[in-house]
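Residue-level listing of the chains:
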Amino acid sequence: MVKQTIQIYARVKPLARRQQAGIYSVGEDEKSASSLEIIVPRDLADGFVNNKRESYKFKFQKIFDQEAKQDAVFESIAKPVAECALAGYNGTIFAYGQTGSGKTFTITGGAERYSDRGIIPRTLSYIFQQLEKDSSKVYTTHVSYLEIYNECGYDLLNPRHEASRLEDLPKVTIMEDPDQNIHLKNLSLQQATNEEEALNLLFLGDTNRMIAETPMNQASTRSHCIFTIHISSKEPGSATIRRSKLHLVDLAGSERVAKTGVGGQLLTEAKYINLSLHYLEQVIIALAEKHRSHIPYRNSMMTSVLRDSLGGNCMTTMIATLSLDKRNIDESISTCRFAQRVALIKNEAVLNEEIDPRLMIIQLKKVIQELKDELAMVTGEQRTEELTQEELLQLNEIIKTFLEDPDPESTLDVGADMRKIKHCFNYIKQLINRTNIPDRSLLSPDITGDEDTNTPEKKEELKKLRDLLHQRDNEINILYETGFI
Ligand code: ADP
Ligand code: MG
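Residues numbered from 1 in each chain as written. Chains lettered and ligands numbered in written order. Predicted model: local features only at pLDDT ≥ 70, side-chain atom pairs only at ≥ 80, totals over all residues. Heavy atoms only, no water.

(A) Summary view of the packing of helix 11 (residues 389-404) against helix 12 (residues 418-434). Axis separation between helix 11 and helix 12 bottoms out at 10 Å; the angle between their running directions is 60°. As judged from the angle between their axes, helix 11 and helix 12 are oblique. As helix 11 packs across helix 12, the resulting crossing turns out to be right-handed. Of helix 12, the residues touching helix 11 (which contributes Leu392, Leu395, Asn396, Ile399, Lys400 and Leu403) are Lys420, His423, Cys424, Tyr427, Ile428 and Leu431. In the contact of helix 11 with helix 12, the residues fall into 8 nonpolar, 2 polar and 2 charged. (Axes fitted to C-alpha atoms, helices over the stretch in contact; angles between N-to-C directions. Helix = DSSP H or I, 4+ residues; strand = E, 2+ residues; numbered from the N terminus. Parallel < 35°, antiparallel > 145°, perpendicular 65-115°, else oblique. Left-handed = near helix turned anticlockwise from the far one by under 90°. Contact = heavy atoms within 4.5 Å. Nonpolar A, V, L, I, M, F, W, Y, C, P; charged D, E, K, R; others polar.)

(B) Structural detail: unusual backbone geometry. Notably, Glu151 is not glycine yet its phi reads approximately 65°, a positive angle. Tracing the chain through its elements places Glu151 in the loop between strand 8 (138-149) and strand 9 (152-155).

(C) How the structure looks around the packing of helix 2 (residues 70-87) against helix 4 (residues 119-133). Interaxial distance between helix 2 and helix 4 falls to 9 Å at its minimum, and their mutual angle equals 50°. With respect to helix 4, the axis of helix 2 lies oblique. Crossing of helix 2 over helix 4 shows right-handed handedness. Contacts between helix 2 and helix 4 pair Gln70, Asp71, Val73, Phe74, Ala78, Lys79, Ala82, Glu83 and Leu86 from the former with Ile119, Arg122, Thr123, Tyr126, Ile127, Gln130 and Leu131 from the latter. Counted by class, the contact of helix 2 with helix 4 contains 9 nonpolar, 3 polar and 4 charged residues.

(D) Layout of the UniProt feature "binding site: ATP" (unreviewed entry) in the chain. Under the UniProt annotation, the feature "binding site: ATP" (unreviewed entry) is placed at Gly97, Gln98, Thr99, Gly100, Ser101, Gly102, Lys103 and Thr104. Residue position: Gly97 is located in the loop between strand 7 (91-96) and helix 3 (103-107). Take Gly97: its relative accessible area is 0%, and that puts it in the buried class. Every residue in contact with Gly97, bar those within four places of it in the chain, is listed here: Lys103, Ala252, Gly253, Ser254, Thr321 and Thr335. Relative to the helices and strands, Thr99 is located in the loop between strand 7 and helix 3. Excluding its chain neighbours within four sequence positions, the residues that come into contact with Thr99 are Thr221, Gly253, Ser254 and Glu255. Only 2.5 Å separates the side chain of Thr99 from the side chain of Glu255, close enough to count as a polar contact. (UniProt positions renumbered as here; feature names shortened; annotations may be inferred. Buried < 20%, exposed > 50% of the residue type's maximum accessible area, 1.4 Å probe, protein only. Polar contact = N/O pair within 3.5 Å; in protein donor to acceptor, adjacent residues only side chain to side chain.)

(E) The arrangement of helix 11 in detail. End to end, helix 11 covers 23 Å across 16 residues, agreeing with the expected 22 Å (1.5 Å per residue, within 8%). On its buried side, helix 11 packs onto helix 12. (Expected span 1.5 Å × (residues − 1).)

(F) Summary view of the site of ligand 1. Residues in close proximity to ligand 1 include Arg11, Lys13, Pro14, Gln98, Thr99, Gly100, Ser101, Gly102, Lys103, Thr104 and Phe105, which together make up its full environment. Here Phe105 contributes a backbone N or O atom positioned 2.7 Å from an oxygen atom of ligand 1. Take the shell around ligand 1: its biggest share by element is 3 residues, from helix 3. Along the lines of polarity and charge, the residues of the shell around ligand 1 split into 2 nonpolar, 6 polar and 3 charged. (Near = heavy atom within 4 Å.)

(G) Region of interest: the pairing of strand 8. Burial runs high along strand 8: 9 of the 12 residues are buried. Taken together, the 11 bridges between strand 8 and strand 13 (residues 224-234) define a ladder with antiparallel strand orientation. By the bridge assignment, Ile148 is partnered in strand 13 with His224. Pairing of strand 8 with strand 12 (residues 190-191), which is carried by 2 bridges, proceeds in the antiparallel orientation. Counterpart to His142 in the pairing with strand 12 is Gln191. In this structure, strand 8 lies alongside strand 9, joined through 4 bridges in antiparallel fashion. (Pairing = 2+ DSSP bridges.)

This is the structure in structure tokens:
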């Protein structure tokens, strides 16, 4: 088990040319942590109702400043999580920030340049590279792509391209089993056997995501998109399967919308946030409180789906995306505050191993048969049901091998099962009958009485042997009656 708090990173979007800069600074702290100091300009400070501080300092694992490139973000943030997913642990990376701060750019990437590829395509590429290198296991990969808008889930990997509205896509619903595990009904899991297939699926999902967006339906800023890579692995011949899920999440815009919409009200406390992000905050606040037993995951679809990622069996990373120009300072501060609370959440990721039931059944059947045989031997209890066709065939094979073996020391071992012993006798009897007894050559000359047996010495020896045979017969009968065989 790996215990870990949620890792938090910050990424600052490059400022546009006309935007005012110089209102924040990034400091490298000791112990591989960084701090972000945001300076509130004098003319804005009065807008904050409860405090008039001029500067705010926030700690992050690492801060990616404006010039940071996509490959650096992937290396630091996504690669370690992808490695854990390959080893059988669940992972989640989610981007949180106001609309326009770079969530989609970070998670999916920009379309213009190849180097702008975001975390999803880079992670897919990395995972398939690693799978190709590792021939010690058999891997299977599937992907799913879910969009949650207004508490409704939609399957973005629906191949019906003609979907022109989000509502045309298959609706995904949540089901909870008696063990309180979440299942998503109608969310398709598409198999991807290589990077190209996986990228095509991502492209299909992104196309469906864009088609469904109209000016009236601002799905992209108000919806959450969860791209999930499902990996299962198994060593050849083993019944144990490892399964892990890696969620790459582009959350809805975190901006608080003014109640009245009047410009001057923007910095007051009366603000609404996307309702499911409000529930996400409640879950995070509850998780950070020590003795809270009830965590309100069920309040929204997004928190239900990401339940394991928040305070559960998952290694989770958050990227706070910041648009640090003067106009967005209050939103940036609230994004950083949210991140500081998230950093308090402890997760416990466990290795997701399970047994393949089919392989387990075969192994257990074998063990049961061995135990039955052993039991019959120890208790002397005999089984009475008829031998199966398979058992008879196996037995006949053993007898044939025995009869054909030229070694005089060879033995016929069929265990302590009287049914099998009887069958052996019958088999041999039939064999002898078929080969026309009294064709004496088949039987031992000692017993059949050749001409030579007429000599007195031979007669004496024959008598001794007959007595011995009789004695052995009696012994066998006694052993059988007392239950030893
Ligand atoms: P969000 O998804 O948070 O609403 P986007 O990712 O769509 O924001 O970013 C808004 C715009 O800014 C897009 O045009 C995007 O290409 C650009 N952008 C965001 N982050 C970066 C970055 N780090 N470097 C270059 N352009 C960026
Ligand atoms: Mg976006």
